[in-house]
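Commentary on secondary and tertiary structure
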Amino acid sequence: MYIFVVRDFLIFIIMIVGVPREIKNNENRVSLTPAGVHELVGRGHRVVVQTTAGLNSGFDDEAYVAAGAEILPSIESVYASAEMLMKVKEPIESEYALVRRGQLVFTYFHFASSEALTRAMIDSGAVCCAYETVERDDHTLPLLVPMSEVAGRMAAQEGAYYLERPRGGRGILMGGVPGVRPAQVLVIGGGVVGTAAARVAAGMGADVTICDVSQRRMSYLKDVMPANVRTLMSNTLNLREEVQRADLVIGAVLIPGASAPKLVTADMVRSMKRGAVIVDVAIDQGGCCETSRPTTHENPTYYVDGVLHYAVANIPGAVPCTSTAALTNATLPYAVQLADKGWKRACSESMELYRGLNVVEGKVTYRGVAEAWNLPYEPVGL
């Protein structure tokens, strides 16, 4: 139950914010740093944190207590107490029954990649505000940017690692050596992920091609990228040719809130070099490669037609100290709005947050999610 207070003639809500420990496979991030807790508590809110939730990100329980949080012993107790639940990744099956009607859940959902999750959140009656569809008027995605930066940089690192022969790859050094060609890297998508991946791959000395459908974006990339990065219009013929010559393909395609298009077909994969590597960063949205399926940090790779696939759905979880700090920097201003005002007022006053509403009290309120699973689309009226 919200408590309303008046401060400087403005009405604020006192809200209980819950931070559970992430239980998705090898998800080491936590949704809020002690600094974030301190900010919310300083505004009068109550923050409850599951014991050891921040340990793998470098924050022990004592740090949260010093910031003003209350430590609770179990995930069940956090879910039961919280009016707004802040997470990093979507609830998994064991958490579905813990989400309750009217509870605000603020996290990465990626509903278009999971019908089971979508239907579970519809059935829960919760208010689901998805980090990945919070969108500014200029179409930028402020809560995706920091994790996309991390995922893009890591995609090049992981690709270089798995190109090594002991890891299952072709045995190619990204930068080559004098007299020997460097790795041929294809990056599909010139957004935040693709740009970060291309920069790191180029910095390693690889020969990089980055494909996108926007001429304007490619002109920008041509101006800012180093000389060993070239741009190419993304179409079926160009992709088919580039996939065949690539040692490493990085899928970095994003359609906000919707399934990723399958730009790399199974036929294209069959045409690739044996031991080539595909890193499909788009796997959170279903993947942009037809042969991709979600993997984990524990078992990150598999082969299809002799091509090594890396499709970990939470790549930034491998570097939680960096990722957690970057995520809190991005999400905290929005969390403050939601906590101070409640979700209805906050979303009515901020189109950015309004666009984040994906499932609200049993209704699908984001068009891309509705279309992904052939469900009725019912925009929120505020």
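What you see is a predicted model, and the numbers here were worked out from it, not measured in a lab.

Basis of the calculations
- In this numbering scheme, every chain counts its residues from 1 along its sequence in written order.
- Where totals are concerned, whole chains, interfaces and linings use all residues; where local detail is concerned, this predicted model gives features only for residues with pLDDT of at least 70, and gives and counts side-chain atom pairs only at 80 or more.
- Side-chain metrics in this entry use all non-hydrogen atoms of the structure; hydrogen atoms and water are not considered.
- Helix and strand definitions follow DSSP, with helices as H or I runs of at least four residues and strands as E runs of at least two, each counted in order from the N terminus.
- An expected span of 1.5 Å times one less than the residue number is assigned to each helix.
- The cut-offs for exposure are 20% and 50% of the maximum accessible area for each residue type, with area from a 1.4 Å probe on protein chains only; residues under the lower value are buried, those over the upper are exposed, and the others partly exposed.
- DSSP bridges decide pairing: two strands pair if at least two such bridges lie between them.
- We call a set of buried Ala, Val, Leu, Ile, Met, Phe, Trp, Tyr and Cys residues a nonpolar core when their side-chain atoms join them within 4.5 Å.
- Here, residues are in contact when the closest pair of their heavy atoms is within 4.5 Å.
- Each axis is a line fitted through C-alpha atoms, taken for helices only over the stretch in contact, and angles between the N-to-C directions span 0 to 180 degrees.
- Any angle that falls under 35 degrees is termed roughly parallel, while one over 145 is termed roughly antiparallel, one within 65 to 115 roughly perpendicular, and all others oblique.
- Nonpolar residues are Ala, Val, Leu, Ile, Met, Phe, Trp, Tyr, Cys and Pro. Charged residues are Asp, Glu, Lys and Arg, and all others, Gly as well, are polar.
- Here, patches come from residues exposed beyond 30% relative accessible area and free of salt bridges, joined within 9 Å for like charges and within 5 Å for nonpolar side chains (Val, Leu, Ile, Met, Phe, Trp, Tyr).
- To be clear on the numbers: accessible area is Shrake-Rupley with a 1.4 Å probe, and residue cover counts the displayed protein chains and nothing else.
- Counted as salt bridges are all cases of a side-chain nitrogen of Lys or Arg within 4 Å of a carboxyl oxygen of Asp or Glu.

Points about helix H7 (residues 192–203)
Taking 1.5 Å of rise per residue, the 12 residues of H7 would be expected to cover 16 Å, and the 17 Å separating its terminal C-alpha atoms lies within 8% of that figure. Among all positions of H7, only Val193, Gly194, Thr195, Ala196, Ala197, Ala198, Ala201 and Ala202 are buried.

Some thoughts on the sheet that holds strand E5 (residues 70–72)
Spatially, eight strands are ordered E5-E4-E3-E6-E7-E8-E16-E17 in an open sheet, and the strand pairing comes out mixed. Each end of this open sheet is capped by a strand with a single partner; those strands are E5 and strand E17 (363–364). Bridging between strand E8 (residues 127–130) and strand E16 (residues 357–360) involves three bridges; their strand directions are antiparallel. Counted as the bridge partner of Cys129 is Leu357 from E16.

As for the nonpolar core
A general tendency of soluble globular proteins is for nonpolar side chains to be buried together. If you look at the biggest cluster of nonpolar residues, it comprises 77 residues, and the most contacted ones within it are Phe106, Val185 and Ile250. The element best represented in this core is helix H11 (residues 320–349), accounting for 11 residues. What Phe106 contacts, discounting residues up to four positions off in sequence, is Leu85, Met86, Lys87, Cys129, Tyr131, Leu143, Thr331, Tyr334, Ala335, Leu338 and Leu353. Counting residues in hydrophobic clusters, the runner-up holds 25 residues, among them Phe109, Cys128, Tyr366 and Val369.

A look at the packing of helix H6 (residues 145–162) against H11
The geometry of H6 relative to H11 is characterised by a closest axis approach of 8 Å and an angle of 155° between their N-to-C directions. Judged on the interaxial angle alone, H11 and H6 are roughly antiparallel. Across the interface between the two elements, Pro146, Met147 and Val150 from H6 touch Ser323, Ala326, Leu327 and Ala330 from H11. Split by residue class, the contact of H6 with H11 holds six nonpolar, one polar and no charged.

A closer look at the pairing of strand E13 (residues 277–280)
Taking every second residue as pointing to the same face, both faces of E13 are buried, with Val277 and Val279 on one and Ile278 and Asp280 on the other. Pairing of strand E12 (residues 248–251) with E13 involves four bridges; the strand directions are parallel. Paired with Ile250 across the two strands is Val279, which belongs to E13. The pairing of E13 with strand E15 (residues 307–310) spans three bridges and is parallel. Residue pairing across strands places Val279 opposite Tyr310, the latter belonging to E15.

Quick notes on a nonpolar patch on the surface
On the surface, a nonpolar cluster with roughly 280 Å² of combined accessible area is contributed by Leu173, Val177 and Val180. Its location among the elements puts Val180 in the loop between H6 and strand E9 (184–188).

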